[in-house]
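Each chain, written out:
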Amino acid sequence: MNEKTMKEKKKENNLHILSNNLYMLRAIHRFCKGHIAIVLGFALFSSISNIVTLLLSRYIINTLSTEQVWGKAQVSQIVCLIVGVALYQLAVLWVEQYVSQVILQKNTQVVYERMQMELFQKAAQVELACYEDAEFYNRFSMAMQQADSRALAVLNTFSSFLSALFGVGSLLALLVGIKPFLLVFVAFQVAVTFGMNLRLIRIQHRYMEERMPYQRRAEYTKRVYYLQNYAKEMRLYPKFTQVLEEKFSSAVKKLKQLTEIYGKKLAGIYGLQGSGGIINTTMTLLYLAFQTIRGSLRIGDFVVLNTSVGQLSSQILVILKTIPQLYEHSIYIEHFREFLEYQPQVYQRGRERLGKLEEVVVDQISFCYPGTAAEVLHEISFTMRRGEPVAVVGQNGAGKTTLMKLLAGLYEPTEGEIRLNGRAAADYRLEDWRRQVGIVFQDYQIYAVSVAENIWMRPLKGEEDLNMAEEALKFCGLYEKIHSLPEGLHSIMTREFGNEGVFLSGGELQRLALARIYVRRDSLLILDEPSSALDPLAEREIVQKMWELAADRLTVFISHRLSNIQDAARIYVMEQGRIAEAGNHKTLMERNGIYAKMYRKQNSKKMT
Ligand code: ADP
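Residues numbered from 1 in each chain as written. Predicted model: local features only at pLDDT ≥ 70, side-chain atom pairs only at ≥ 80, totals over all residues. Heavy atoms only, no water.

K.L.:
Tell me about the site of the ligand, residues and numbers included.
P.N.:
What surrounds the ligand is the set Glu132, Tyr369, Val376, Gln395, Asn396, Gly397, Ala398, Gly399, Lys400, Thr401 and Thr402. Gly399 places a polar main-chain atom, nitrogen or oxygen, 3.0 Å from an oxygen atom of the ligand. Thr401 places a polar side-chain atom, nitrogen or oxygen, 2.3 Å from an oxygen atom of the ligand. A total of 560 Å² of accessible area belongs to the ligand in isolation, and the protein chains cover 62% of it. Among the elements that take part in the shell around the ligand, helix H10 (residues 400-407) stands out by supplying 3 residues, more than any other. (Near = heavy atom within 4 Å. Polar contact = N/O pair within 3.5 Å; in protein donor to acceptor, adjacent residues only side chain to side chain. Areas by Shrake-Rupley, 256 points an atom, 1.4 Å probe, with all protein chains shown as cover. Helix = DSSP H or I, 4+ residues; strand = E, 2+ residues; numbered from the N terminus.)

Below, the structure is given as C-alpha cells:
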C-alpha cells in the first residue's frame, strides 16, 4: 500500500516536471511563433547530416580500398562523390551558421523582450507586500534574472533530446547491422562516463555549497568598493578599508584552500573518466583492427564504426542527461509560473468607477504588515476634505508612513475601512483610486530618463506636456537650472548611462518631486516633509510650495517639524500606532499635551 503511494507520488512528480517544462515551451511559442519548430528542425537536420556524411564516407573509403582496376569512369565517380560530400558539407555548414547566428539569435532577443515585458507588467501589478515577503521576493528576483536564459535552456534540452534520439536510432542500426559486438564498448563507455558524472555532480554541488559563504563575503567587499552609496564613506574613513580588505583576504584564503581540496578530487574523477575513455577507445580500435585483418570488415567500416562507437556513447549520455536537466528546469519554472500566475489580493474585488475624489473617510482602521502579528496601526479614524489639509505628526516608528501607504491603496487595512466619496474603497477599481493619488515621500526615486518624463511619470504625449512641465519647473524654482542644460527638458537624469546625465542636489530633487504633483493635478496628495538635511531657507520654500499645492485638493502632510504644519485644518498626533491627540494648532496648544510639549521642545531648540 505504502509502496504504491510512493510509486504514484513519483509518477505524479514526473508528470509535474514534464508539465512545467511544457509550460515553458508553450510560453516560448506564445512569445515567438515558429521558434520551437526552427530549433527542433535544426537539431534534426544536423543529426541527419551527420549520419549521411558517415555513410557517404564509408562508401568512399570502401570503394577506394576494394577497387582493383581504376578506369576513367571509376575515377570520375569517386572524385564526384568526394566533391559532392564536400559541397554537401559546405552547404550544411553555411545553413547551420546562418540559422544559428542570425535567425535563432534574433528569435532569442524576441523571446527575451517579450518574456521580460510580461514579467515587468506582473511585477508592477503585485502588491508592495510581496516585495517585503523574503521568500516571494527571492523567487521573484530569480524569475526576473533567469527567465529568458532558462526558457532557451528548456528548448535546448528538448532539441538535444530529439536529435540524440534520432542519432541513437540511426547509429544503433548501423552498428547492429555491421558488428553488434561493438555495443559492448558503447555500454562500457556510457557506464564509466555516467557513473563518473554522477560523482562529479555530487562533488561539484558540495564544492559550490562550501564556497558560497566565502564567495559572498568576498563579493560584499567588492560591492562596497564599486557601489556609489559607499563611495563617500570609503573616502572619509580610509582606515576602514583595512577592515574590509582583511575580510576579503581571509575569505579568499579559505576559497584557495577549498580550491585545492576539491581540485584534487575533481582531477581524480576527470582523470578516471578520461582513462576509462582511452582504454575503451584502445579496445575498440584493437577489436576493429583485428576484424579488419581477419577480413570481416573493410577499411571504410573500420573508420566509420570507430567514429560511430564514440558518437553513439555520447548521444546516449545526452538522453540520460535529459531527465536531471528537466528536473532542474522544473524547479525554476515552478517559481516563474507561480510568479506569473500570482493574483494580487489588495483591493481586487471592486468594479465601481471612482469619480473625482471629494472626501476620504478613514474609519476605525487597524493594520498589521502581512506575515507579522504586531499591530502597527490601531483604530485610526479621521476625515479628509478638499481644501482642508490635515497633518499627521509623531515620533519615528509611530506609524505615519504606514498610514500613508494605506491611504494610497498600497495595503488594505486588517480591520475597519477607508471610504471614498461615501462608499467603501474596496468597491472601487483600484486603478481609479491610485490614479488620483500623488505622493512625495522622502525616499522617492529619480529615473534614468528625461527630465520631462521624470516629471510626468508616463510617456509624453506632445507639446502640451512639455509646456506644462516648464510651468511646473517655474513653480518649483528649477526652471533656470534645467533651461541652462544643452538639452533642457529632454536631458537624461542620473549618471547611470554617462557623465553628461543631469545631477541634482538633494534640495533640487525635492523640487522636482513637487513638479511631479504639480503637473498631475492629483486629487489626493500625500506629502512627506522635505528631508531635514536641506538648508532651512530651501526647506521653508519647499514647504510653502507644498501648502500652495494643497489649497484645492485633499491633502495630508506628514511632519516631524511642527512649525511646518501649524496651519493645517486638523493635526493628528500619532503615538505607537494610535491617534493620541487631534485638533488644530491652537486647540492642541491649549490642551497642553504631547503636541504642546513637542512644539515647545522644538522651538526652544531653535532659540538656542
Ligand atoms: P513612521 O513613518 O511614523 O516613522 P512607520 O510607519 O514607518 O513609522 O513604521 C511603523 C512601524 O511599522 C515600525 O515599528 C516599523 O518597524 C513597522 N514597519 C514599517 N514597515 C514595515 C514593513 N514593511 N514590514 C513590517 N513592519 C514594518
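Here the narrative resumes.
K.L.:
Just give me the short version of the sheet that holds strand S3 (residues 390-394), but keep the residues and values in it.
P.N.:
Strands pair in a sheet through their backbones, by hydrogen bonds, and they do so in one of two ways: parallel or antiparallel. Read across the sheet, 6 strands follow the order S6-S7-S8-S3-S9-S10 without closing on themselves; strand pairing throughout is mixed. The open sheet has two edge strands, strand S6 (437-440) and strand S10 (578-583), and neither has a second partner. Put simply, the sheet's adjacent strands are angled 20° from each other on average, direction ignored. Relative to strand S8 (residues 554-559), S3 is paired through 4 bridges, and the arrangement is parallel. Note that in S8 the partner of Val390 across the bridge is Val556. (Pairing = 2+ DSSP bridges. Axes fitted to C-alpha atoms, helices over the stretch in contact; angles between N-to-C directions.)

K.L.:
Lay out the packing of helix H8 (residues 240-293) against helix H9 (residues 299-341) in plain terms, naming residues and giving numbers.
P.N.:
Running from N to C, H8 and H9 point in directions that differ by 160°, and their axes come no closer than 10 Å. The angle between H8 and H9 places the two elements in the roughly antiparallel class. The crossing of H8 and H9 is right-handed. Facing Thr284, Leu285, Leu288, Ala289 and Thr292 of H8, the residues of H9 in contact are Ile299, Phe302, Leu305, Asn306 and Val309. Taken together, the residues that form the contact of H8 with H9 break down as 7 nonpolar, 3 polar and no charged. (Parallel < 35°, antiparallel > 145°, perpendicular 65-115°, else oblique. Left-handed = near helix turned anticlockwise from the far one by under 90°. Contact = heavy atoms within 4.5 Å. Nonpolar A, V, L, I, M, F, W, Y, C, P; charged D, E, K, R; others polar.)

K.L.:
Which residues make up the packing of aromatic side chains, and what are the values?
P.N.:
Inspection of every chain in the model, using the stated rule, returns 19 aromatic pairs. Taken together, a centroid distance of 4.8 Å and an interplanar angle of 20° make the contact between Tyr207 and Tyr262 stacked. Here Tyr207 is found in helix H6 (residues 183-226), whereas its partner Tyr262 is found in helix H8, with 55 residues between them in sequence. The same class applies to Tyr207 and to Tyr262, which are both buried. When the ring centre of Tyr518 is taken as reference, the NZ or CZ atom of Arg521 above it lies at 4.8 Å. The cationic tip of Lys545 hangs over the ring face of Phe475; the distance from NZ or CZ to the ring centre is 5.0 Å. (Phe/Tyr/Trp six-rings, centres within 6.5 Å; stacked < 30°, edge-to-face > 60°. Buried < 20%, exposed > 50% of the residue type's maximum accessible area, 1.4 Å probe, protein only. Lys NZ or Arg CZ within 6 Å of the ring centre and 35° of its normal.)

K.L.:
Describe the sheet that holds strand S5 (residues 423-424), listing the residues and the values that go with them.
P.N.:
Spatial ordering of the open sheet is given by S2-S1-S4-S5, a layout of 4 strands whose pairing is antiparallel. Two strands close off the open sheet at either side, each with one partner strand: strand S2 (375-385) and S5. Note: strand S1 (residues 359-368) against strand S4 (residues 415-420), 5 bridges, orientation antiparallel. Its bridge partner lying in S4, Ser366 is registered against Glu415. Sitting on the sheet, H10 is in contact with S1, S2 and S4, with an inclination near 60° to S2.

K.L.:
Which residues make up the pattern of salt bridges, and what are the values?
P.N.:
A complete count under the given rule lists 27 salt bridges for this structure. Linking Glu359 and Arg385 is a salt bridge whose minimum nitrogen-to-oxygen distance equals 3.5 Å. Of this pair, Glu359 sits in strand S1 while Arg385 is found in strand S2, placing the two residues 26 residues apart along the sequence. When its relative accessible area of 22% is taken as the criterion, Glu359 is described as partly exposed. Through salt bridges with shared partners, a single ionic network connects Arg353, Arg429, Glu431, Asp432 and Arg435. (Salt bridge = Lys/Arg side-chain N within 4 Å of Asp/Glu carboxyl O.)

K.L.:
How would you summarise the nonpolar core if you had to cite specific residues and measurements?
P.N.:
By size, the foremost hydrophobic cluster in this structure holds 49 residues, and its most contacted members are Ile455, Ile565 and Tyr595. Excluding its chain neighbours within four sequence positions, the residues that come into contact with Tyr595 are Val393, Leu562, Ile565, Gln566, Ile571, Val573, Glu581, His585, Leu588 and Met589. Counting residues in hydrophobic clusters, the runner-up holds 38 residues, among them Ala129, Val360, Leu377 and Leu406. (Core = buried A, V, L, I, M, F, W, Y, C linked by side-chain atoms within 4.5 Å.)

K.L.:
How would you explain the pairing of S2 if you had to name every residue and give the values?
P.N.:
Where S1 meets S2, 7 bridges bridge the pair, whose relative direction is antiparallel. Bridge pairing links Val360 to Met384 in S2. Where S1 folds back on S2, the antiparallel hairpin that results is connected by 6 residues, among which Gly371 adopts a positive phi of roughly 80°.

K.L.:
Give me the environment of Tyr287: which residues, what numbers.
P.N.:
With respect to the helices and strands, Tyr287 occurs in helix H8. The class of Tyr287 is buried, set by a relative accessible area of 15%. In this structure the C-alpha to C-alpha distance between Tyr287 and Phe185, which are 102 residues apart in sequence, comes to 9.9 Å. Non-local contacts of Tyr287, meaning those with residues more than four positions away in its chain, are made with Lys179, Phe181, Leu182 and Phe185.

K.L.:
Outline the confidence of the model for the protein, supporting the account with residue identities and numerical values.
P.N.:
For the protein, per-residue confidence averages 89 on the pLDDT scale, and residues scoring 70 or more make up 98% of the total. When mean pLDDT is taken per element in the protein, S1 scores highest with 96 and helix H4 (residues 128-132) scores lowest with 80. (pLDDT = per-residue confidence, 0-100.)

K.L.:
Any chance you could break down the packing of helix H15 (residues 506-520) against helix H16 (residues 536-550) for me, citing the residues and the numbers?
P.N.:
The description of two helices packed together rests on the angle between their axes and the distance between the axes. The N-to-C vectors of H15 and H16 enclose an angle of 5°; their axes lie 11 Å apart at closest approach. Considering their axes alone, H15 and H16 lie roughly parallel with respect to each other. Residue-level inspection shows Gly507, Gln510, Arg511, Leu514, Ile517 and Tyr518 of H15 in contact with H16, the latter providing Ala538, Glu541, Ile542, Lys545, Met546 and Leu549. When the residues that make up the contact of H15 with H16 are grouped by side-chain class, the tally is 7 nonpolar, 2 polar and 3 charged.

K.L.:
Can you break down the environment of Ala124 residue by residue, with the values?
P.N.:
When you line up the elements, Ala124 lands in helix H3 (residues 72-125). Between the C-alpha atoms of Ala124 and Ile319, which are 195 residues apart in sequence, the distance is 40 Å.

K.L.:
Run through a positive patch on the surface, naming residues and quoting values.
P.N.:
On the surface, Arg199, Arg202, Arg206 and Lys265 cluster together into a positively charged patch. Here the element with the most residues in the positive patch is H6; it accounts for 3 residues. (Patch = residues over 30% accessible without salt bridge, like charges linked within 9 Å, V, L, I, M, F, W, Y side chains within 5 Å. Lys, Arg positive; Asp, Glu negative; His and termini not counted. Charge placed at Lys NZ, Arg CZ, Asp CG, Glu CD.)

K.L.:
Go over a nonpolar patch on the surface, please, and point to the residues and values.
P.N.:
A contiguous nonpolar patch, built from Leu64, Trp70, Val75, Val79, Val83, Leu87, Leu90, Leu93 and Trp94 and spanning about 850 Å² of accessible area, is present on the exposed surface. The greatest single-element share of the nonpolar patch, amounting to 7 residues, is contributed by H3. Secondary-structure assignment places Val79 in helix H3.

K.L.:
Could you give me a rundown of the side chain of Gln436, with the residues and numbers involved?
P.N.:
With respect to the helices, strands and loops of the structure, Gln436 is situated in the loop between helix H11 (430-434) and S6. Not counting the four nearest positions on each side in its chain, Gln436 is found in contact with Leu354, Gly355, Lys356, Leu357, Asp522, Ser523 and Leu524.

K.L.:
Please set out H15 residue by residue, giving values where relevant.
P.N.:
Between its first and last C-alpha, H15 extends 22 Å over 15 residues, near the 21 Å set by a 1.5 Å rise per residue. Among the residues of H15, those classed as buried are Gly507, Gln510, Arg511, Leu512, Ala513, Leu514, Ala515, Arg516, Ile517, Tyr518 and Val519. Those residues of H15 that are buried are in contact with S6, helix H12 (451-456), helix H13 (463-476), strand S7 (524-528) and H16. Just past H15, the residue Arg521 takes up positive phi, approximately 50°. (Expected span 1.5 Å × (residues − 1).)

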